[in-house]
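Structural overview
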Amino acid sequence: MSDEVEIRGVRDMPAMAMSLGLMTYNKTGSWRNMTPVLDPEKCNGCMLCWKFCPDVCVSADDPPVIDYDYCKGCGVCANECPVDAIEMIEGATPPSGRAEAPEPAATP
Amino acid sequence: MAEKKEKKKKLTVPEEELMYSGHLACQGCGATIAMRYALKALGPKTSFAIPACCWSVIDGPFPYTSLGIPIFHTAFETAAVMASGLKAGFDIMGKTDVTSVAWGGDGGTTDIGIQALSGAAERNDDILYICYDNEAYMNTGVQRSSQTPWGAWTTTTPARHFKKLPKKNMVDIMAAHGIPYIATSAMAFPEDIVKKVSKAKDIKGCKYVQILASCPPGWKMVPEKSIEVIRLAVNTRIWPMLEIEEGVYNITRKPRKEIPVADYLKLQGRFRHLTEDQVNEIQEIVNFNWQRLRWLEESTQEMKEKYGRATLSVPAG
Amino acid sequence: MKQVVTGNHTLSYGAKICRAQVVSAYPITPQTQVVERISEFVADGEMDAIFIKVESEHSAMAACIGASAAGARTFTATSAQGLALMHEMLHWAANARTPVVMGNINRGMGPPWTIWTDQIDSLSQRDTGWMQFYCESNQDVLDSMIIAFKVAENENVLMPAMIVLDSFVLSHTTEPVDFPDQDKLDEFLPPYKAKYTVDPDNPHTFGGLTGPDRYYELKWLECEAMDRAKELIPQVGAEFGEWFGRPHVMVKPYRCDDAEIVMVVSGTIASTTKDAIDELRDEGMSVGSAKVWTFRPFPSEAVRELLRGRKQVIVIDRNVSFGHEGIFCTETKGAMYNEADRPSIRNFIAGLGGRDVKVRDIKEMFHLAQKDDTPDPYWYGLKT
């Protein structure tokens, strides 16, 4: 399945309201008002942040990478991190070198 | 994305994701975390019947989805039987390897949907019912359900008149049906969810798993404590983790340290109005219920040793 | 092969020869025999089907929807209170585009408890998106069922269908029914090939939240599907006639050619009316009758074609919409309104709760309709 689906009119529609694309088109990073910042130096690679992320936006890498396109800023990762390697900073903007928080997607 | 690096530690739950980013759950949503682990256990050969609940919204609007498995959205009171119908359809079409799951909230499962669930359990239909229990009607704005615990605020049990009835004992209700597998789990314990759901998947017949899942807005708490609060629910013993097989109770997690239930309650605004006496009352309830469960565990295991089962006897064949 | 069977068993044998794959039902008088016989068929291996014996009609419909969504041909049967309990899921079946076929034995709604026929139960489901076929004989029940499966499962339709028959008058009355040869029927009604299925190998979410920007179009698609059904039903009805010798049309006229007056009827009253027409003709009256077979889709064009230019139309309704009039009457009036030479339309309510409607009653209604002082609608036979 592709991401964004274009439905202009009734002839583009299936008979039944069925999914034709993935919600990944919806960059939920725009919801964020707090931003997690991971310090790779402190990270012990326990993967708890990956495991507990409700938005599936922490990668299973070592060190993990946070996908700011989708991170809603809930803070679970920072709260669960046993070595305080993740800090929640004010605002939606990730630290330098990162992309800005995405624009909110149009209402689907 | 940074380039893939070598993993330092072995992951304790499967890496494969069948739930994707971009979904519409609130920040720190427990129901969403529960779904993520359940899908890791179930794998792609799975279908979901979802009644009215938070997950009717979380998945995303038409024409989108956040899951890599098919979902059939269904009416509030029909999740169990919709899963039964789908299963019958799969079977007769020769797709016998599909796990048919009903996935509902506590209201849709233990209130309005209990009739259809009881029916499916009585018939022992080959389905897996997973209830994500956030202890109120959260999708409609936090109204009390039969799973709302004693003492809790909801919008229909305001703090001055908090709920003065206990949480309905759904586990024993399901146990009374004599179905092959019943379990409770909690969304702060991914390995436990994966283990129990995987086990349920491989058992033929009707299986019931109830997963306690926090709801930051409904429980009036900060989202970052979403996991912590559920860990406390288990460790304070207000939400015991257990399995019931053939009527035999098995408490799967027995916290060594006694942690006061107040630690669990104080994280949540929904219990803020409670007096110290009332908190003590809850502690007494928790203590008693735990003792009762220990007793059930001992006695049913003794029965199992003596008679091979602890459910009502059924004719062979 | 001809067999003497009740209306209920016609549905059971119908489900078997139509090769329904999943049946789910809950017992209610007068429907019970339908599912009793099907459970025997399934238990004895005469039917390659799964029978889910649910705890309510609401669940019966839900199970059928689920099985249909997984690609199976599905059947259920109910009556009155059971149908009313299903109401929510009737909408669900239609909106999910699952072509479930159901037998509904018309029975009055309680309270007070009644088990005898009238059409209020099924007509109350008018706007659920179900096709409704009203039957006048057990043969009609079988033929309607076969045609209903074929139309409902057409990929341009995908809407559910209800076979409606009068309780006891048909459900428990034996009549000779001509059952088609199985091989021939299998050719006429091949296995259901679902267009959309719940399938882990091709996963989609069905029925997710839909906003005002898209819901409206989905409703239009359902209306379009019903319009297609309206085109398809007479085609399949004619095809059925070629294959099995009994053609079916949505509005079936009887001695209407030169009739100044036409009596519009449905269900078993339609067959009784034919006898009344014969007698009235013998008495020199210029009258015929029209059986409305499908209530949804409503055959407005066929009704107009038949009734245009007549002097009078008399609609006998075994139902009533409280606060208005008979429901078939309202529909007939609606169909005729824009006609320049529309007839006057009179309405009789009769036979509610299974009160017998005999030939002489129908004749009496005809004569009452000729009097200016007969109230309209008129509750025929009301004990005052």
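Cut-offs and rules
Within each chain, residue numbers correspond to sequence positions counted from 1 in written order. Chains carry letters and ligands carry numbers; both start at the beginning, A for chains and 1 for ligands, and go up in the order they are written. Local features in this predicted model are restricted to residues of pLDDT 70 or higher, and side-chain atom pairs are both shown and tallied only at a pLDDT of 80 or more, whereas totals for entire chains, interfaces and linings draw on every residue. Calculated side-chain values reflect all of the structure's heavy atoms, with hydrogen atoms and water omitted. Only runs of H or I of at least four residues qualify as helices and only runs of E of at least two qualify as strands under DSSP, and these elements are numbered from the N terminus. Every radius of gyration here is taken over C-alpha atoms, with the globule rule written as 2.2 Å times N^0.38, N being the number of residues. It only takes one pair of heavy atoms within 4.5 Å for two residues to be counted as in contact. The convention is simple: Lys and Arg are positive, Asp and Glu are negative, and His and the chain ends are not counted. A charged residue contributes its charge at one atom only: NZ of Lys, CZ of Arg, CG of Asp or CD of Glu. One less than the number of residues in a helix, times 1.5 Å, gives the span that helix is expected to have. Relative accessibility decides the category of a residue: with a 1.4 Å probe and only protein chains considered, values under 20% of the type maximum give buried, values over 50% give exposed, and everything between is partly exposed. In these notes, a set of buried Ala, Val, Leu, Ile, Met, Phe, Trp, Tyr and Cys residues joined through side-chain atoms within 4.5 Å is what counts as a nonpolar core. Note on terms: buried area is the combined drop in 1.4 Å-probe accessible area of two parts once they are placed together, counting the loss on both. Salt bridge criterion: a side-chain nitrogen from Lys or Arg within 4 Å of a carboxyl oxygen from Asp or Glu. Any pair of N or O atoms that falls within 3.5 Å is considered a polar contact. Within protein, one atom must be able to donate a hydrogen and the other to accept it, and sequence-neighbouring residues count only if both atoms are side-chain atoms. Residues are grouped as follows: Ala, Val, Leu, Ile, Met, Phe, Trp, Tyr, Cys and Pro are nonpolar; Asp, Glu, Lys and Arg are charged; every other residue, Gly included, is polar. One bridge is not enough; two strands pair if DSSP finds at least two bridges between them. Orient the strands so they point away from the viewer, and a crossover whose first-strand-to-second-strand path over the helix runs clockwise is right-handed. The predictor attaches a confidence to each residue, called pLDDT, with possible values from 0 through 100. For every element, the axis is a line fit to its C-alpha atoms; helices are fit only across the contacting stretch, and the angle between N-to-C directions ranges from 0 to 180 degrees. These descriptions rest on fixed angle ranges, namely under 35 degrees for roughly parallel, over 145 for roughly antiparallel, 65 to 115 for roughly perpendicular, and the rest for oblique. Only Phe, Tyr and Trp rings take part, Trp by its six-membered ring, and two of them pair if their centres are within 6.5 Å. Stacked means planes under 30 degrees apart, edge-to-face means over 60, and tilted covers everything else. As a reminder, the over-ring test applies to NZ of lysine and CZ of arginine, requiring each to be within 6 Å of the ring centre and within 35 degrees of the ring normal. A clockwise turn of the near helix away from the far one marks a right-handed crossing, whereas an anticlockwise turn of less than a right angle marks a left-handed crossing.

This brings us to the overall build of chain C. The number of helices and strands found in chain C is 12 helices and 16 strands. Rg of the C-alpha trace for chain C: 20 Å, near the compact-globule value of 21 Å for 384 residues, within the 12% margin. If you line up chain C on its principal axes, its C-alpha atoms span 65 × 50 × 45 Å. Of all intrachain contacts in chain C linking residues separated by at least 6 positions in sequence, the fraction that spans at least 24 positions is 80%. A gap of 3 Å separates the mean positions of the 38 positive and 54 negative side-chain charges of chain C.

All names here are of chain C. Between its terminal C-alpha atoms helix α9 (residues 269–282) stretches 20 Å, which fits the 20 Å expected from 14 residues at 1.5 Å a residue. Buried residues of α9: Ile269, Ala270, Thr272, Thr273, Ala276, Ile277, Leu280 and Arg281, and no others. Where α9 is buried, its residues meet β10 (251–254), β11 (261–265), β12 (287–292), β14 (312–317) and α12 (359–369). One or two residues past the end of α9 sits Gly284, with phi positive at roughly 95 degrees.

Moving on to the nonpolar core. Ranked by internal contacts, the top residues of the largest apolar core, which has 144 residues, are Phe72 of chain B together with Met61, Phe75 and Met131 of chain C. The contacts of Met131 of chain C, once residues within four sequence positions are left out, are Val151, Ala152, Val157, Met159, Pro160, Ala161, Met162, Met226, Ala229, Ile233, Arg296 and Pro297 of chain C.

A few words now on the interface of chain B and chain C. Tallying the contact residues gives 40 residues for chain B and 39 residues for chain C. In total, chain B and chain C occlude about 3000 Å² of area from one another, counting both sides; carbon and sulfur atoms represent 67% of this. The tally of links between chain B and chain C comes to two salt bridges. Linking Glu55 of chain C and Arg123 of chain B is a salt bridge whose minimum nitrogen-to-oxygen distance equals 3.6 Å. At the surface where chain B touches chain C, the tally comes to 11 residue pairs in polar contact (both at pLDDT 80 or more). Elements with a minimum of two residues in the side of chain B that touches chain C: β1 (46–50), α2 (55–58), β3 (71–73), α3 (79–92) and α5 (114–123) of chain B. Top contributing element to the side of chain B that touches chain C by residue count: α3 of chain B, with 10 residues. Along the lines of polarity and charge, the residues of the side of chain B that touches chain C split into 19 nonpolar, 14 polar and seven charged.

Once that is clear, we can look at the sheet that holds strand β9 (residues 205–206) of chain C. The pairing of strands in a sheet comes from backbone hydrogen bonds and takes either a parallel or an antiparallel form. Strand order in the open sheet formed by nine strands is β9(B)-β8(B)-β6(B)-β7(B)-β5(B)-β4(B)-β1(B)-β3(B)-β9(C), and the pairing between neighbours is mixed. Each edge of the open sheet is held by one strand with a lone partner, namely β9 (248–251) of chain B together with β9 of chain C. Two elements, strand β6 (residues 181–186) of chain B and strand β7 (residues 207–212) of chain B, share six bridges in a ladder whose sense is parallel. Within β7 of chain B, the position partnered with Ile182 of chain B by the bridge is Tyr208 of chain B.

Our focus in this paragraph is the pattern of salt bridges. Per the counting criterion, the structure on display carries 52 salt bridges over all chains. For Lys333 of chain C, the salt bridge is made with Glu325 of chain C, and the minimal N-O distance between the two is 2.7 Å. Its relative accessible area of 5% is what places Glu325 of chain C among the buried residues. Ionic contacts of the salt-bridge type, sharing partners, join the residues Lys87, Asp91, Asp126, Lys204 and Lys207 of chain B into one network.

Bringing the pairing of strand β7 (residues 161–166) of chain C into the picture now. Residues and elements named next belong to chain C. Burial analysis of β7 places six of its six residues in the buried class, the great majority of the element. Neither face of β7 is open: one carries Ala161, Ile163 and Leu165, the other Met162, Val164 and Asp166, and all of them are buried. Two elements, strand β5 (residues 101–106) and β7, share six bridges in a ladder whose sense is parallel. Bridging from a neighbouring strand, Asn106 pairs with Asp166 of β7. Since strand β6 (residues 131–134) and β7 lie parallel, the crossover through helix α6 (residues 138–152) that links them has a hand, and here it is right-handed.

In this section: the confidence of the model for chain C. Per-residue confidence for chain C averages 98 on the pLDDT scale, and 100% of its residues sit at or above 70. Reported confidences for the modelled complex are a pTM of 0.96 and an ipTM of 0.97.

Residue and element names in this part refer to chain C. By the element assignment, Arg318 lies in the loop between β14 and α11 (327–336). Buried charge Arg318 goes without a salt bridge, the closest partner of opposite sign being Asp166 at 4.1 Å. Within the structure, Arg318 has its side chain in polar contact with the backbone oxygen of Gly351 (distance 3.0 Å).

A few words on the packing of helix α10 (residues 300–307) of chain C against α11 of chain C. Residues and elements named next belong to chain C. Relative to each other, α10 and α11 sit at 75 degrees, their axes nearing to 9 Å. Classified by the angle their axes make, α10 and α11 are roughly perpendicular. Touching Ser300, Val303, Arg304 and Leu307 of α10 are Thr332, Ala335 and Met336, all from α11. Broken down by class, the residue content of the contact of α10 with α11 amounts to four nonpolar, two polar and one charged.

Two aromatic rings are characterised by how far apart their centres lie and by the angle between their planes. Taken as a whole and assessed by the stated rule, the structure comprises 21 aromatic pairs over all chains. A centroid spacing of 5.0 Å and a plane angle of 65 degrees characterise the contact between Phe133 of chain C and Trp293 of chain C, whose relative ring orientation is edge-to-face. Linking Phe133 of chain C in strand β6 with Trp293 of chain C in the loop between β12 and β13 (294–296), this pair joins segments that are 160 residues apart in sequence. Overall, Phe133 of chain C belongs to the buried group, its relative accessible area being 0%. An aromatic cluster of at least three residues, connected via ring pairs, comprises Tyr134, Phe295, Phe298 and Phe328 of chain C. Just above the ring of Trp31 of chain A sits the side chain of Lys72 of chain A; from NZ or CZ to the centre is 4.4 Å. We note Lys220 of chain B situated over the ring of Trp153 of chain B; from NZ or CZ to the ring centre the distance is 4.0 Å.

Residue and element names in this part refer to chain B. Close contact between helix α1 (residues 30–42) and helix α7 (residues 190–201) brings their axes to 8 Å; oriented N to C, the two are set at 45 degrees. Accordingly, the angle class assigned to the pair α1 and α7 is oblique. Like other packed secondary-structure pairs, α1 and α7 cross with a definite hand, here right-handed. The segment α1 lies against α7, with Ala34, Tyr37, Ala38, Ala41 and Leu42 engaging Pro190, Ile193, Val194, Val197, Ser198 and Lys201.

Taken together, the contact pairs 51 residues of chain B with 49 residues of chain A. Together chain B and chain A conceal approximately 3900 Å² of surface at their shared face, both sides included; 61% is due to carbon and sulfur atoms. Per-residue buried area on chain B facing chain A is highest for Ser21, Phe62 and Tyr64 of chain B; these three make up 19% of the total on that side. Remark: the boundary between chain B and chain A carries two salt bridges. The salt bridge partner of Arg231 of chain B is Glu80 of chain A, with a shortest N-O separation of 2.6 Å. Those elements that provide at least two residues to the side of chain B that touches chain A are α1, β2 (64–65), α7 and α8 (226–235) of chain B. Across two bridges, strand β1 (residues 21–22) of chain A lies against β2 of chain B in parallel orientation. Bridged to Gly21 of chain A within β2 of chain B is Tyr64 of chain B.

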